[in-house]
Amino acid sequence: QVQLVESGGGLAQPGGSLRLSCAASGSIVSVRTMGWYRQAPGKERESVALIIRGDATNSAADYADSVKGRFTISRDNAKNTVYLQMNSLKPEDTAVYYCAADLTSYQRHEYIYWGQGTQVTVSS
């Protein structure tokens, strides 16, 4: 069974930084797109950043306008792991952050799996 596990969430001061990690494990054949979503209290889940698998010199990433220039998404394909480096954090970034991966396993072709979520709180 495929499982995604996030880590790195917690409390940060405004202007501070956090680094989230998400590792996918199980009977994985390949991972196409990995990304991060977030959901603030009373709000719907929104896309934060996603990254499409490429080689060492060619990859593609996309960010929400609200995090451009502050967040950086990266991945380690050998480890099936995606990261989100969050800098210059704002209170508006407070949310539960969810990892997602569009991957192929021995059971399913390009099925989207979700992590359990990790809380990020930005407050003085």
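Located above this text is the structure these notes cover.
Source: prediction; values computed, not measured.

Colleague: What is the right way to read the overall build of the protein from this model?
Modeller: Of regular secondary structure, the protein possesses 0 helices and 11 strands. Tracing the protein from N to C terminus, the helices and strands come up as β-β-β-β-β-β-β-β-β-β-β. Counting only C-alpha atoms and orienting by the principal axes, one finds that the protein spans roughly 45 × 30 × 20 Å. Sequence separation of 24 or more characterises 55% of the internal contacts of the protein that already satisfy a separation of 6 or more. In the structure as shown, the protein presents an accessible area of about 6,800 Å², 46% of it carried by carbon and sulfur atoms. If the 12 positive side-chain charges of the protein are averaged to one point and the 11 negative ones to another, these points end up 3 Å apart.

Colleague: I keep staring at the pairing of strand β9 (residues 95-105) and nothing clicks. Help me out?
Modeller: A regular strand places its side chains on the two faces of the sheet in alternate fashion. Taken across its 11 residues, β9 has 10 buried, putting it largely inside the fold. Pairing geometry for strand β4 (residues 28-39) and β9, over 10 bridges, is antiparallel. Within the sheet, the bridge partner assigned to Met34 lies in β9 and is Ala101. In this antiparallel pair of consecutive strands, β9 and strand β10 (residues 111-114), the connection spans 5 residues, and Glu110 shows a positive phi of 45°.

Colleague: What's the story with the sheet that holds strand β1 (residues 3-7) in this structure? I'm lost.
Modeller: Two strands in a sheet stick together by hydrogen bonds in their backbones, pointing the same way (parallel) or opposite ways (antiparallel). If you walk across this open sheet you meet the 4 strands as β1-β3-β8-β7, and the pairing is antiparallel. Unpaired on one side and paired on the other, β1 and β7 (71-76) mark the two borders of the sheet. The average undirected angle you get between the axes of adjacent strands in this sheet is 15°. Where strand β3 (residues 18-25) meets strand β8 (residues 81-86), 6 bridges bridge the pair, whose relative direction is antiparallel. Bridge assignment links Ser21 to a residue of β8, and that residue is Tyr83.

Colleague: Mind showing me how you'd approach the environment of Gly69 here?
Modeller: Here Gly69 lies in the loop between β6 (58-63) and β7. Between the C-alpha atom of Gly69 and that of Leu4, which follows or precedes it by 65 residues, the distance is 26 Å.

Colleague: How should I be thinking about the side chain of Ser21 in this particular structure?
Modeller: Assignment of secondary structure puts Ser21 in strand β3. Look at Ser21 and you get buried, because its relative accessible area is 16%.

Colleague: Can you help me understand the state of the cysteines in this one?
Modeller: By definition, a disulfide links the sulfur atoms of two cysteine residues through a covalent bond. On inspection of all chains with the given rule, the structure shows 1 disulfide. Between Cys22 and Cys99 runs a disulfide, and the two sulfur atoms are separated by 2.0 Å. Between Cys22 and Cys99, the disulfide has an S-S torsion of -80° and is therefore left-handed. Of this pair, Cys22 sits in strand β3 while Cys99 sits in strand β9; the two residues are 77 residues apart in sequence, bridging distant segments of the chain. We note that Cys22, like Cys99, is buried.

Colleague: Hey, could you run me through unusual backbone geometry in this one?
Modeller: Peptide bonds are, in most cases, trans, and in most cases residues other than glycine have a negative phi. For Ser88, which is not a glycine, the phi torsion comes out positive at approximately 50°. On the secondary structure map, Ser88 appears in the loop between β8 and β9. Notably, Glu110 is not glycine yet its phi reads approximately 45°, a positive angle. Looking at where Glu110 falls in the secondary structure, it is placed in the loop between β9 and β10. For Glu110, a relative accessible area of 34% corresponds to the partly exposed category.

Calculation rules
Within any chain, residue numbers begin from 1 and follow the written order of that chain's sequence. Side-chain atom pairs in this predicted model are given and counted only at pLDDT of 80 or more, local residue features only at pLDDT of at least 70, and totals for whole chains, interfaces and linings cover all residues. Water and hydrogen atoms were dropped before computing side-chain values, which therefore reflect all heavy atoms in the structure. Helix numbers and strand numbers start at the N terminus; a helix is a DSSP run of H or I with at least 4 residues, a strand a run of E with at least 2. A contact between two residues is defined here by any heavy atoms of the two lying within 4.5 Å. For every accessible area listed, the method is Shrake-Rupley and the probe measures 1.4 Å; residues are considered covered only by the protein chains on display. Charge convention: Lys and Arg are scored as positive, Asp and Glu as negative, and His as well as the terminal groups of each chain are ignored. In this description, the location of a charge corresponds to atom NZ of lysine, CZ of arginine, CG of aspartate or CD of glutamate. We call a residue buried when its accessible area falls under 20% of the maximum for its residue type, exposed when it is over 50%, and partly exposed in between, using a 1.4 Å probe and counting protein chains only. Criterion used throughout: strands pair if DSSP finds at least two bridges between them. The axes used here are C-alpha line fits, helices contributing only the stretch in contact, and every angle between their N-to-C directions lies in the interval 0 to 180 degrees. Cysteine sulfur atoms are paired as a disulfide whenever they come within 2.5 Å of each other.

Structural measurements only, silent on function.
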